[in-house]
Amino acid sequence: MCGIFGLVLRKGRVAPMILDGLSRLEYRGYDSIGVAVINNGVLQIRKDAGKIKDVASRLRIAEMKGSIGFGHTRWATHGAPNMINAHPHTDSKGKIAVIHNGVIENFMELKQELIDKGHNFISKTDTEVIPNLIDEEMKSDIGITEATLKALRRLKGSYAVVVLSSLEPDKIVCARQESPLVLGVSENGTYCASDAPAIRPYTNKVIYLRNGELATIDVNGYKIIKVADGSAVERTPEEITWVLEMAEKQEYPNYMLKEIFEQPTSLRTGLRLQEKYVDLLTMFLDRGKEVFLVSAGTSQHSCIAASYIFSKIARLTTYPVVSSEFTEQYGSTVGIDSIILAVSQSGETYDTLKAVDHARMRAATVLGLTNTVGSTLTRVSRAYIIQQSGPEIGVAATKTFTSQVLVLAQLAMRLAKLRGKLSQDELDEYKESLYKVPDIVESVLKETYDKVKDIATREKNSRLFLFLGRGISSATAMEGRLKLLEITYIPSLAYPAGESKHGPISIVEKDTACVFICPRGDTHAEIIGSIMEMKARGAKIISICEKGDTDIKSLSDEVIEMPKNIPELLSPIPYIVPMQLLAYEIAVLKGLDPDKPRNLAKSVTVP
Ligand code: AGP
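Residues numbered from 1 in each chain as written. Predicted model: local features only at pLDDT ≥ 70, side-chain atom pairs only at ≥ 80, totals over all residues. Heavy atoms only, no water.

Attention now goes to the pattern of salt bridges. According to the stated counting rule, one finds 34 salt bridges in the structure shown. The salt bridge involving lysine 289 is made with glutamate 290; its shortest N-O contact spans 3.9 Å. Residue lysine 289 is classed as exposed on the basis of its relative accessible area of 59%. Of the residues examined, glutamate 290 reaches a relative accessible area of 15% and is grouped as buried. For lysine 510, the salt bridge goes to aspartate 511, with nearest N and O atoms at 3.6 Å. Here the salt bridges share partners, and the residues they tie into one network are Glu113, Lys117 and Arg154. (Salt bridge = Lys/Arg side-chain N within 4 Å of Asp/Glu carboxyl O. Buried < 20%, exposed > 50% of the residue type's maximum accessible area, 1.4 Å probe, protein only.)

Position of histidine 119 among the secondary structure elements: in the loop between helix H3 (107-116) and helix H4 (129-138). With relative accessibility at 4%, the residue histidine 119 sits in the buried group. Engagement of the side chain of histidine 119 in a polar contact is seen with the side chain of asparagine 132, the distance being 3.2 Å. Here histidine 119 is in contact with Ser92, Leu114, Asn132, Asp135, Glu136 and Lys139, once residues within four sequence places are set aside. (Helix = DSSP H or I, 4+ residues; strand = E, 2+ residues; numbered from the N terminus. Polar contact = N/O pair within 3.5 Å; in protein donor to acceptor, adjacent residues only side chain to side chain. Contact = heavy atoms within 4.5 Å.)

A few words on the packing of aromatic side chains. One pass over the full model with this rule turns up 11 aromatic pairs. Here the aromatic rings of phenylalanine 292 and tyrosine 330 are separated by 4.7 Å at their centres, their planes lie at 45 degrees, and the arrangement is tilted. Of this pair, phenylalanine 292 sits in strand E16 (residues 290-295) while tyrosine 330 sits in helix H11 (residues 323-330), and the two are 38 residues apart along the sequence. The class of phenylalanine 292 is buried, set by a relative accessible area of 1%. Consider the rings of phenylalanine 326 and tyrosine 330, whose centres lie 6.4 Å apart with planes at 40 degrees: the pair is tilted. Separated by 4 residues within a single helix, phenylalanine 326 and tyrosine 330 lie in helix H11, roughly one turn from each other. Aromatic rings pair up to connect Phe292, Tyr319, Phe326 and Tyr330 into one cluster. Above the plane of the ring of tyrosine 449 lies lysine 453, whose end atom (NZ or CZ) is 4.2 Å from the centre. The ring of tyrosine 489 carries the charged tip of arginine 598 above its face, separated from the ring centre by 3.8 Å. (Phe/Tyr/Trp six-rings, centres within 6.5 Å; stacked < 30°, edge-to-face > 60°. Lys NZ or Arg CZ within 6 Å of the ring centre and 35° of its normal.)

Time to look at the site of the ligand. The local shell around the ligand holds 15 residues, among which Ser299, Ser344, Thr349, Val395 and Glu486 are the closest. A distance of 3.0 Å is found between an oxygen atom of the ligand and a backbone nitrogen or oxygen belonging to threonine 298. Between the ligand and the protein, one listed contact pairs an oxygen atom with a side-chain N or O atom of threonine 349 at 2.5 Å. When isolated, the ligand has an accessible area of 410 Å², and the protein chains bury 91% of it. Taken together, the elements giving at least two residues each to the shell around the ligand come down to helix H10 (297-314) and helix H16 (473-488). Residues belonging to the shell around the ligand are distributed by class as follows: 6 nonpolar, 7 polar and 2 charged. (Near = heavy atom within 4 Å. Areas by Shrake-Rupley, 256 points an atom, 1.4 Å probe, with all protein chains shown as cover. Nonpolar A, V, L, I, M, F, W, Y, C, P; charged D, E, K, R; others polar.)

Shown next as C-alpha cells:
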C-alpha cells in the first residue's frame with residue numbers, strides 16, 4: 001500500500017508536481033517519502049522517514065531541478081520506516097533508481113544471488129533487489145526497457161514498479177503485477193501513478209495498466225508491452241468523468257467528513273447503474289447453485305446486510321465469507337456451479353483477489369462489485385458493476401458502504417423480479433423506497449449531526465462500546481463498530497444482539513456504552529428485549545430509532561431519531577450515518593486524524 005507518482009515533461013521542473021501528486025496519494029501510505037529526478041544526466045535522490053510535508057521541507061525537495069522524475073510514499077512491509085529503507089532504491093553504482101508498491105516473495109534468494117555476483121545492499125527491503133537485477137541484466141548490453149522486462153520475469157509476488165536511470169535519462173519504465181498503476185497523457189508530458197486522483201490535476205486522459213504489462217513513457221507518450229513475451233499492446237486513453245474537486249477536500253477539514261456528507265450524491269449516482277450490467281449479474285446470480293459474497297472489512301458488512309436482502313426479497317440464499325478465510329472454508333467445495341460475488345471498493349484487496357483466483361481455478365463464475373474502474377477485480381470478473389461512489393480518500397470507508405448496500409439491494413430486487421418472488425406492487429414499493437434513500441440520508445445528516453456531537457462529547461472517554469442490532473441491523477452494528485474502532489481506537493464489540501446471553505454480556509458494566517440500532521420492522525420487539533437486558537446491568541443505552549418510537553425512547557439514555565417509514569431491509573444505509581458521524585466526532589475530540597488512522601491503509605494490497 002504505497003503511493004507512486006512519476007512524470008516526464010516537455011518543459012518545467014517535475015519536483016513540485018511530484019510532491020503534489022504524492023500528497024494525493026498519502027492515504028496509501030505515509031511512513032516515509034522519497035523523490036528522484038534526473039538533471040543534466042545526473043540522477044539525484046532525496047528521501048527520509050516522515051510525512052511528506054516534513055521531509056519535503058527538511059530536504060528542500062521542491063528545489064530539485066530536472067524535467068523527469070518520480071516519487072514514493074511508503075507503507076512499510078519489509079524493513080522499518082527509516083531513511084535507508086525509504087524508496088527510491090538504487091543499484092550499487094547509483095545509476096538505476098526504482099520505486100515499488102507490492103511484495104516480492106522471492107527477494108531473499110534473488111538478493112543472495114546478486115550478492116554472490118558482487119552487488120552490495122544497504123536496506124532491508126525486498127525492493128532493493130529490483131535495481132540490482134536490472135543492473136545485472138544490462139551487463140548483456142541491452143537497454144533499460146529490455147533489462148527491466150528480464151528482471152521482472154525473475155520476480156514472484158506483486159508489484160507496481162517504476163524505473164528511472166541516468167543511463168537512459170529521457171524515459172521512465174513502469175510495470176504492474178497485482179498492485180495498481182495508471183498512466184496519464186497531456187500536451188506537456190506523460191505520467192504514471194498508483195491511482196487516477198494523483199494525475200487528475202494534469203490530465204483527464206488515463207490508461208490503466210493491466211497485470212503483466214510494462215510501459216515506457218517519455219515526452220511523446222507511452223508504449224505498452226507484455227512482460228511475458230514483449231508483445232505490443234495497443235490501448236487508447238479513457239477519459240475520467242469525475243472532476244478533481246471530487247477528490248479534494250473542498251470546504252471540509254478532511255476527506256472523511258467530506259465523504260460522509262457526499263453520500264446523498266454518491267447514492268444518487270448509485271441509482272443510475274448501467275442496466276445491462278445489472279441484468280447480466282442478476283442472470284448469473286439466478287443460475288448459481290450457491291452464491292458466495294466474498295469481501296473484507298466494511299465490504300464484508302455490506303455483504304452481510306445483502307444476505308438478508310437477497311434472502312427476504314429474492315429468496316436467494318447467499319454465503320457472506322471473509323476473503324481471507326474463503327479458500328480454507330470453501331476452497332475444496334467451490335466449483336463450476338458456484339457464483340462468487342466479490343465486493344471490493346478498491347478492487348485491489350489482496351485477500352479478496354486471492355480468493356477470486358482460487359474460485360476461478362475451480363471453474364466458479366466470478367462477479368465483481370467495485371468502485372474502481374480499471375482495478376484488477378474488474379479484469380478477473382466474468383461481469384462486474386462499478387458502484388460509482390466517486391473517489392474515496394479517507395481510510396475509513398463511509399460512502400462506499402452505503403453505495404455497496406444500495407447496489408446490492410438493486411441486484412436483489414432485479415433478481416426478485418426475474419424469479420417472480422415479488423408482486424409488481426411490492427416491487428414498485430421497494431423501488432420507490434430505494435429512490436427516496438438519498439433524500440433520507442440528506443435529512444439524517446442535517447437533523448442528527450448536532451445530537452451526535454452532544455453524545456460524542458459525553459461518551460468520548462468511554463472505555464468500551466457495544467454496537468448491537470438484530471436481523472439486518474446486526475450488519476449495520478458491525479459497520480458502526482468498525483468505524484469507531486478504526487479511527488478512535490476505543491475497544492468495541494459488535495455482534496447480533498441475540499448472542500449477548502451466550503457470552504458477551506459478561507463484559508458489560510455500569511456505563512458501558514451500548515449503541516442499539518432499532519428500525520421499525522420484524523426485529524423491533526426483539527431489540528427491546530436486548531436493550532432491557534443491557535439496561536438491567538447498568539449500561540448506557542444509546543438508541544438509533546424512528547422518530548416518535550416511545551417504546552425505545554423510554555428505555556434509552558440517549559436517542560438519535562431517524563425519519564419514519566424506512567423499510568427495515570434498506571435501513572443500513574441511513575442508520576449507519578449517525579454512527580459514521582459519532583466515530584468521526586469522537587476521533588476529532590480525541591485529537592486524532594480521521595483520514596489516516598494508525599496501522600491502517602486505504603487499500604490492503606499485500607497479504
Ligand atoms: C473500512 O473502513 C476499512 N477501510 C477496511 O476494512 C476496508 O473496508 C477493507 O480493507 C476492504 O477494502 P476493499 O473494499 O477495497 O476491498
